[in-house]
Amino acid sequence: MAAPLSVEVEFGGGAELLFDGIKKHQVTLPGQEEPWDIRNLLVWIKKNLLKERPELFIQGDSVRPGILVLINDADWELLVSTSGDIPPPALALAASVGKPWASLRHI
């Protein structure tokens, strides 16, 4: 069983407006049978953090096109195409060029 996982999730470029205007969220993901992966994290974010207009953040089982998601300075889609598991602790920095963005780091 995977242990609980403490992470910081940060939103910017307008995406934070969907989360009560709060940019940084420090959360502890509960323990579960399998390791946390990005898609499970998105489901958890939708159920627990997203406050309004989910169609502007989630499309199907992924983020909506146009939202940049970085984990440890890497595009999250590159991680999903390999293992998909949330990588070991490291700071995730995201820069917005007029686009909504989200970043994740272990704490």
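Details of the structure are given in the entry above.
What you see is a predicted model, and the numbers here were worked out from it, not measured in a lab.

Parameters and conventions
- Think of each chain on its own: its residues are numbered from 1, step by step along the sequence as written.
- Given that this is a predicted model, residues contribute local features only at a pLDDT of at least 70 and side-chain atom pairs are listed and counted only at 80 or more, while totals for whole chains, interfaces and linings are drawn from all residues.
- To obtain the side-chain values, all non-hydrogen atoms of the structure were included, while hydrogens and water were left out.
- Helix numbering and strand numbering both begin at the N terminus, where a helix is a DSSP run of H or I of at least 4 residues and a strand a DSSP run of E of at least 2.
- Here's how the labels work: a residue is buried when its accessible area is under 20% of the maximum for its type, exposed when over 50%, partly exposed in between, all with a 1.4 Å probe on protein chains only.
- Residue contacts are counted whenever heavy atoms from the two residues lie within 4.5 Å of one another.
- What sets the accessible areas is the Shrake-Rupley method with a 1.4 Å probe; for residues, cover comes only from the shown protein chains.
- Note on definitions: salt bridges are taken to be side-chain nitrogens of Lys or Arg within 4 Å of carboxyl oxygens of Asp or Glu.
- Polar contact is defined as a pair of N or O atoms within 3.5 Å, subject to the rule that within protein one atom must be able to donate a hydrogen and the other to accept it, and that residues adjacent in sequence are counted only when both atoms are side-chain atoms.
- By construction, the arc corresponds to the directions joining the helix axis to the C-beta atoms.
- Working definition of a nonpolar core: buried Ala, Val, Leu, Ile, Met, Phe, Trp, Tyr and Cys residues. They are joined through side-chain atoms within 4.5 Å.
- Each Phe, Tyr or Trp ring, with Trp reduced to its six-membered ring, pairs with another whose centre is within 6.5 Å; inter-plane angles below 30 degrees give stacked pairs, above 60 give edge-to-face pairs, and intermediate values give tilted ones.

Caption draft 1: Summary view of the overall build of the protein. Of the regular secondary structure elements, the protein holds two helices and seven strands. Secondary structure elements in the protein, listed N-terminal to C-terminal, are β-β-α-β-β-β-β-α-β. Classification of the 107 residues of the protein by burial places 39% in the buried group. Contacts in the protein between residues far apart in sequence, at least 24 positions, make up 53% of those at least 6 positions apart. By element, 54% of the accessible surface of the protein is carried by carbon and sulfur atoms, the whole surface being about 6000 Å².

Caption draft 2: Just the pattern of salt bridges, in detail. Taken as a whole, this structure holds one salt bridge when the rule is applied. With its nearest N and O atoms 3.2 Å apart, the salt bridge here joins Glu-55 to Arg-53. In this structure Glu-55 comes out as partly exposed when scored by relative accessible area, which is 45%.

Caption draft 3: Layout of the side chain of Glu-8. By the element assignment, Glu-8 lies in strand β1 (residues 5-12). Among the polar contacts listed, one links the side chain of Glu-8 to the side chain of Gln-26, at a separation of 3.3 Å.

Caption draft 4: Structural view of helix α1 (residues 38-48). Three or more residues of α1 are buried, namely Ile-38, Leu-41, Leu-42, Trp-44 and Ile-45. Viewed along the axis of α1, the buried residues span an arc of 165 degrees, placing them on a single side of the element.

Caption draft 5: Representation of the nonpolar core in the model. One finds Phe-19, Leu-29, Ile-45 and Phe-57 to be the most contacted residues of the largest nonpolar core, which totals 24 residues. Secondary-structure elements contributing two or more residues to this core are β1, β2 (24-29), α1 and β5 (68-71). Here the element with the most residues in this core is α1; it accounts for five residues.

Caption draft 6: Here's a closer look at the packing of aromatic side chains. Tallied over the full model, the rule gives three aromatic pairs. On the basis of an interplanar angle of 5 degrees and a centroid distance of 3.8 Å, the ring pair of Phe-11 and Phe-19 is categorised as stacked. When the centroid spacing of 5.2 Å and the interplanar angle of 85 degrees are considered together, the rings of Phe-19 and Phe-57 count as edge-to-face. Residue Phe-19 is found in the loop between β1 and β2, and its partner Phe-57 is found in the loop between α1 and β3 (58-59); the two are separated by 38 residues along the sequence. The exposure class of Phe-19 is buried, given its relative accessible area of 1%. Looking at Phe-57, the relative accessible area reads 1%, which means it is buried. By the ring-pair criterion, three or more aromatic residues cluster together here, those being Phe-11, Phe-19 and Phe-57.

Caption draft 7: Unusual backbone geometry, seen in detail. For Asp-20, which is not glycine, the phi dihedral falls at a positive 60 degrees. Within the secondary structure, Asp-20 is located in the loop between β1 and β2. Phi at Arg-53 takes a positive value of approximately 45 degrees, unusual for a residue other than glycine. Structurally, the position occupied by Arg-53 is in the loop between α1 and β3.

Caption draft 8: The environment of Val-43, seen in detail. Position of Val-43 among the secondary structure elements: in helix α1. Along the sequence, Val-43 and Asp-61 sit 18 residues apart, while their C-alpha atoms lie 7.7 Å from each other.

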